[in-house]
Amino acid sequence: MSSIDEKRVHGPNADPVALFVASETGLARVTAVGARIGEIELVDRDAARDLALCDGRLAAATDEDVFLGVGADAEPTGFGGATAIGFDGTLLAAASDGTVARRIDGEWTAVGSVEEPRAIDGDLVAAADGIYRCSDTDCQHVGLDAVRDVAAAGTPHAATADGLYRLGNGWLQAFEGSFSMVCADRSTAEPGALGRAHAATDGTLYRHADGEWTIVDGIEKRVVDVAYTGTGTEVGGVYAVAADGTLLSKTDDAWRDHPLGLRGVEAIAARPDRNAV
């Protein structure tokens, strides 16, 4: 285990947040207070493919297994290599061969198979052959094709090769273009209402607020994932990671760049900073 430390002074006006970034370099942990970035530590050198929060614990998908916990406290779950994971009360994971399984009472149970799984959010799986909704017993195809990412909160959205889609009376196109990422803040979403969200093409980041999508100015990097802090009653920070290993933290009127020195960045997750893992 090695670490990269970037010491900065944190102000008292925000609670500290632990950001976890999955990359080919490994799993990094970043301390943040608002838009200010503090310590950056590489907590695991094994390549990480995806991240999810599971009842407050971090779950990481790697080529070896799905792990619960961080660093020396990481607990293997016995799934095997995974390309995507999500949590909707239980862990849902997908392997590179397309197998999708749920972890129920500590055991993995296969629930279906998809073509080239790419992302999971809630009970929705984004795959090369479309969107699937996975229960405890099966996975049902629910439309679209060439899906790259999915956001399940509020009004589900899907990023595809030909546009950004929202679920209404079927899947309705919100934007044309080749979208690679979509994320939604569960704490601000309500049934039928998306809340705070972001979506991205290779060169443009979009922001959703007050029921409208707008282009975020000043970001030309390819954003691969976004994480949110706060609750439904207190909106917190917004953090994004770009494919080139740059962490972006939102200020009141702009975004700050923080190079992380990571290769092949895949995902970011945020939680309150604490000693317990």
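On a predicted model such as this, the values are computed, not experimentally measured, just so you know.

Cut-offs applied
- Residues numbered from 1 in each chain as written.
- Predicted model: local features only at pLDDT ≥ 70, side-chain atom pairs only at ≥ 80, totals over all residues.
- Heavy atoms only, no water.
- Helix = DSSP H or I, 4+ residues; strand = E, 2+ residues; numbered from the N terminus.
- Rg over C-alpha atoms; globule rule 2.2 N^0.38 Å.
- Buried < 20%, exposed > 50% of the residue type's maximum accessible area, 1.4 Å probe, protein only.
- Areas by Shrake-Rupley, 256 points an atom, 1.4 Å probe, with all protein chains shown as cover.
- Lys, Arg positive; Asp, Glu negative; His and termini not counted.
- Charge placed at Lys NZ, Arg CZ, Asp CG, Glu CD.
- Pairing = 2+ DSSP bridges.
- Axes fitted to C-alpha atoms, helices over the stretch in contact; angles between N-to-C directions.
- Core = buried A, V, L, I, M, F, W, Y, C linked by side-chain atoms within 4.5 Å.
- Disulfide = S-S within 2.5 Å.
- Phe/Tyr/Trp six-rings, centres within 6.5 Å; stacked < 30°, edge-to-face > 60°.

**Concerning the overall build of the protein**
At step 1: Helix and strand counts for the protein come out as zero helices and 28 strands.
At step 2: Relative to a compact globule of 277 residues, whose C-alpha radius of gyration would be 19 Å, the protein shows 18 Å and is just as compact.
At step 3: When its C-alpha atoms are laid out on the principal axes, the protein stretches across 50 × 40 × 35 Å.
At step 4: Looking at the protein as a whole, 51% of its 277 residues qualify as buried.
At step 5: Within the structure as shown, the protein displays about 12,300 Å² of accessible surface, and the carbon and sulfur contribution to it stands at 44%.
At step 6: A gap of 5 Å separates the mean positions of the 23 positive and 45 negative side-chain charges of the protein.

**Considering the pairing of strand E8 (residues 84-87)**
At step 1: Burial along E8 is two-sided: Ala-84 and Gly-86 and Ile-85 and Phe-87, pointing in opposite directions, are all buried.
At step 2: Adjacent in sequence and paired antiparallel, E8 and strand E9 (residues 91-94) are bridged by three residues, among which Gly-89 carries a positive phi angle near 115 degrees.

**Some words on the sheet that holds strand E20 (residues 179-184)**
At step 1: Strand order in this open sheet of four strands is E20-E21-E22-E23, and the pairing throughout is antiparallel. Lying at the two open borders of the sheet, with one neighbouring strand each, are E20 and strand E23 (212-215). Direction aside, neighbouring strands of the sheet carry axes that sit 20 degrees apart on average.
At step 2: Where strand E21 (residues 197-201) lies against strand E22 (residues 205-209), four bridges are found, and the strand directions are antiparallel. Paired with His-198 across the bridge in E22 is Arg-207.

**Looking at the nonpolar core**
At step 1: Core analysis: the largest hydrophobic core is formed by 19 residues, its most contacted members being Leu-19, Val-21, Leu-247 and Ile-268.
At step 2: Listed by contribution, the elements that provide at least two residues to this core are strand E1 (16-23), strand E2 (27-33), strand E3 (36-44), strand E24 (223-230), strand E25 (235-242) and strand E28 (265-272).
At step 3: Core analysis: the next-biggest nonpolar cluster, separate from the first, contains 15 residues, Cys-54, Ile-85, Phe-87 and Ala-95 among them.

**Here we look at the state of the cysteines**
At step 1: Tallied over the entire structure, the rule returns one disulfide.
At step 2: A disulfide bridge connects Cys-134 with Cys-139, and the sulfur atoms are separated by 2.1 Å. On the sign convention where negative means left-handed, the S-S torsion of about 110 degrees between Cys-134 and Cys-139 marks this disulfide as right-handed.
At step 3: Given a relative accessible area of 15%, Cys-139 falls into the buried group.
At step 4: As a non-bridged cysteine, Cys-183 has Cys-54 as the owner of its nearest cysteine sulfur, 19 Å distant.
At step 5: A residue is classified by how much of its surface remains accessible, and Cys-183, at 9% relative accessible area, is buried.

**Here we look at the environment of Ile-219**
At step 1: Within the element layout of this structure, Ile-219 appears in the loop between E23 and E24.
At step 2: Remark: the alpha-carbon pair of Ile-219 and Asp-257, spanning 38 residues in sequence, is separated by 9.7 Å.

**Regarding the sheet that holds strand E4 (residues 48-54)**
At step 1: Within the open sheet, the four strands sit side by side as E4-E5-E6-E7. Their pairing is antiparallel. At either end of the open sheet lies a strand with only one pairing partner, and these are E4 and strand E7 (75-76).

**Description of the packing of aromatic side chains**
At step 1: According to the stated counting rule, one finds four aromatic pairs in the structure shown.
At step 2: Look at Phe-175 and Tyr-206: their rings are 4.8 Å apart centre to centre, the planes differ by 40 degrees, and that puts the pair in the tilted class. Linking Phe-175 in strand E19 (residues 170-176) with Tyr-206 in strand E22, this pair joins segments that are 31 residues apart in sequence.
At step 3: Residue Phe-175 is classed as partly exposed on the basis of its relative accessible area, which comes to 24%.
At step 4: Aromatic ring contacts, followed pair by pair, group Phe-175, Phe-179 and Tyr-206 into a single cluster.

These figures come from the coordinates and say nothing about function on their own.
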